[in-house]
Amino acid sequence: MTIYAAAVVDTPGDPFAGDPAAALAQDGALLVRDGVIRARGPLAALHAAHPGEPVTRLDGGLLVPGFVDTHVHFPQIRAIGGLGLPLLDWLEQCALPEEAKLADQAYARAVAGEFLDGLVASGTTSALVFGSHFAPAMDELFTAAGRRGLNITSGLVLSDRILRPDLLNSPETALADSADLILRWHDRGRLRYAVTPRFSLSASDEMLDVYAQLLGKGVWFTSHINENLAEIATVAGLFPGARHYLDTYCRHGLVTARSVFAHNVHPGDAELTVLAEHGASVAHCPTSNSALGSGLFPLRRHIEHGIGVALGSDVGAGAGLFLPKEALQAYFIQQLLGSAGMSLTPVHLLYLATRAGARALGLDHRVGDFAVGKDFDAVWLRPADGSTLAVNLRHARDTTDALARIFALATPADVAGVWIRGERAAGD
């Protein structure tokens, strides 16, 4: 066992459900054994109860739960920074040419390593990862993620129309390849499988039926929805019988409590009602929506409908893997919406970057906060002495104010340590 002495901060409560201050918890120490949190409380109390246990001091900064990214594309880690383009042009010119390169398994292996190392360096310990169009590339991702001990849910990206030909597969091939990957990787350690259509725009009804067959195997589902007005109009033209974009998924049984839809910047009220009724979640991707000019996310409408919302970095359209940056941009977007936005506190931002993601991914029983019995996935945010963030933390009035300064100023350079189920990550 080890006692970690630190400024421990998490959100075991839900700040969207009541007083944000009541959702925040703070302690002086955690007792960890075999990668699991066994007790929390003041350092003196834990030390007195376990006098023979070693103490690891994490002085300065804050110790927070490992971040949970609910939407990120591993094949796009080398494609960040394609600015000045709307969604469909960006896909054609930046993202898809890079994704096609993962047909080369050695290339995919290198990309998977870079991507996962980038997650860890940014403090992300759990993620719903949009995968590759190529099954061998998925083997590389799962193999590398398993070696690092990360909580990764991912799957083969499936499309049978409209995209460039080298990224398409038939419904028959999609079913066979996905079933094989599910058999070999789903629920293997901390790895899980997600059925992953790129979007219904690139899927025929026959392919959408394949997704439904695969979802029956008890796996997860993720895709894109209502990201961009041109995309929405294209989907409407391809599915003239659909009531709305979400209906293209719903009529195939793809909207469930194990479904996470990315973006949803332009939803109708009917779509929000259906998402809530089925218990599906939404991944809000603030820097991507801003970079592509997709729009301002209507968080208030989602919360008022009772839909769970978490954060996604959406690399490569997003501006990096560091979830606190996404949280800050989420705050900016709500400010820009004025009376239609939500007033977000630092507690909301920590919740969105940690426990909200765990809840969306069905991992709340294992990660997302420092409750006793959960895995010790943690990030130590400690800035360099003399940095602007260090100066601001010294002058923070309280924990909430310290969180505000971290979300405003922190970068991946301030990640002083990352623990994945109790093991300190190499190279952090």
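As a starting point, this report considers the structure included with it.

Conventions adopted
Residues numbered from 1 in each chain as written. Predicted model: local features only at pLDDT ≥ 70, side-chain atom pairs only at ≥ 80, totals over all residues. Heavy atoms only, no water. Helix = DSSP H or I, 4+ residues; strand = E, 2+ residues; numbered from the N terminus. Contact = heavy atoms within 4.5 Å. Core = buried A, V, L, I, M, F, W, Y, C linked by side-chain atoms within 4.5 Å. Buried < 20%, exposed > 50% of the residue type's maximum accessible area, 1.4 Å probe, protein only. Phe/Tyr/Trp six-rings, centres within 6.5 Å; stacked < 30°, edge-to-face > 60°. Arc of directions from axis to C-beta. Salt bridge = Lys/Arg side-chain N within 4 Å of Asp/Glu carboxyl O. Polar contact = N/O pair within 3.5 Å; in protein donor to acceptor, adjacent residues only side chain to side chain. Expected span 1.5 Å × (residues − 1).

## Digging into the side chain of His73
Note on placement: His73 falls in strand β6 (residues 67–73). Sequence-distant contacts of His73, defined by excluding residues within four places in its chain, comprise Glu99, Phe115, Phe130, Arg198, His224, Asp314 and Val315.

## Some words on the nonpolar core
Ranked by size, the top nonpolar core spans 113 residues in total, and within it Phe74, Phe115 and Tyr249 carry the most contacts. Aside from chain neighbours lying at most four places away, what touches Phe74 is Leu102, Ala108, Val111, Ala112, Phe115, Val129, Phe130, Gly131, Ser132, Ala137, Met138 and Leu141. Among the nonpolar cores identified, the runner-up in size contains 13 residues, and Ala6, Leu30, Ala378 and Trp419 belong to it.

## Things to note about the packing of aromatic side chains
All told, the structure shown has 14 aromatic pairs when counted by the stated rule. Aromatic side chains Phe67 and Phe322 sit 6.3 Å apart centroid to centroid with 85° between the ring planes, which places their arrangement in the edge-to-face category. Of this pair, Phe67 sits in strand β6 while Phe322 is found in the loop between β14 (308–311) and α13 (323–336), placing the two residues 255 residues apart along the sequence. Judged by its relative accessible area of 1%, Phe67 is buried. The class of Phe322 is buried, set by a relative accessible area of 3%. A network of ring pairs unites the aromatic residues Tyr4, Phe370, Phe376 and Trp419 as a single cluster.

## Considerations on helix α7 (residues 205–215)
Here α7 has its buried residues at Met207, Leu208, Val210, Tyr211, Leu214 and Leu215. For α7, the angular spread of the buried residues around the axis is 150°, confining them to a single face. The secondary structure elements touched by the buried residues of α7 are β9 (157–158), α6 (171–185), β10 (191–197), β11 (220–225) and α9 (245–250).

## Quick notes on the pattern of salt bridges
Per the stated rule, a full pass over the model turns up 26 salt bridges. One salt bridge in this structure joins Arg355 and Asp364, with 3.2 Å as the shortest N-O distance. Across the salt bridge formed by Arg405 and Asp401, the nearest N and O atoms sit 3.0 Å from each other. Residue Arg405 and its partner Asp401 are located together in helix α17 (residues 399–409), separated by four residues, close to a single helical turn. According to the relative accessible area criterion, Asp401 is buried, its value standing at 10%. Salt bridges sharing common partners tie together Arg190, Asp375, Asp377 and Arg421.

## A look at the side chain of His133
Note that His133 resides in the loop between β7 (124–130) and α5 (135–148). From its side chain, His133 meets the backbone oxygen of Leu167 in a polar contact 3.0 Å long. A polar atom in the side chain of His133 sits 2.8 Å from the side chain of Arg198.

## Regarding helix α4 (residues 105–121)
Since one α-helical turn is 3.6 residues long, residues separated by three or four positions face the same way. Look at α4: 24 Å from first C-alpha to last across 17 residues, which is about the 24 Å you get at 1.5 Å a residue. Of all the positions in α4, only Ala108, Val111, Ala112, Gly113, Phe115, Leu116, Gly118, Leu119 and Val120 are classed as buried. Elements in contact with the buried residues of α4: β6, β7, α5, β8 (151–155) and β16 (415–420). For α4, the capping residue at the N-terminal end is Asp104, with a side-chain oxygen 2.9 Å from the backbone nitrogen of Ala106. Positive phi appears at Gly123, one or two residues downstream of α4, with a value of about 85°.

By themselves, these figures tell us nothing about what the structure is for.
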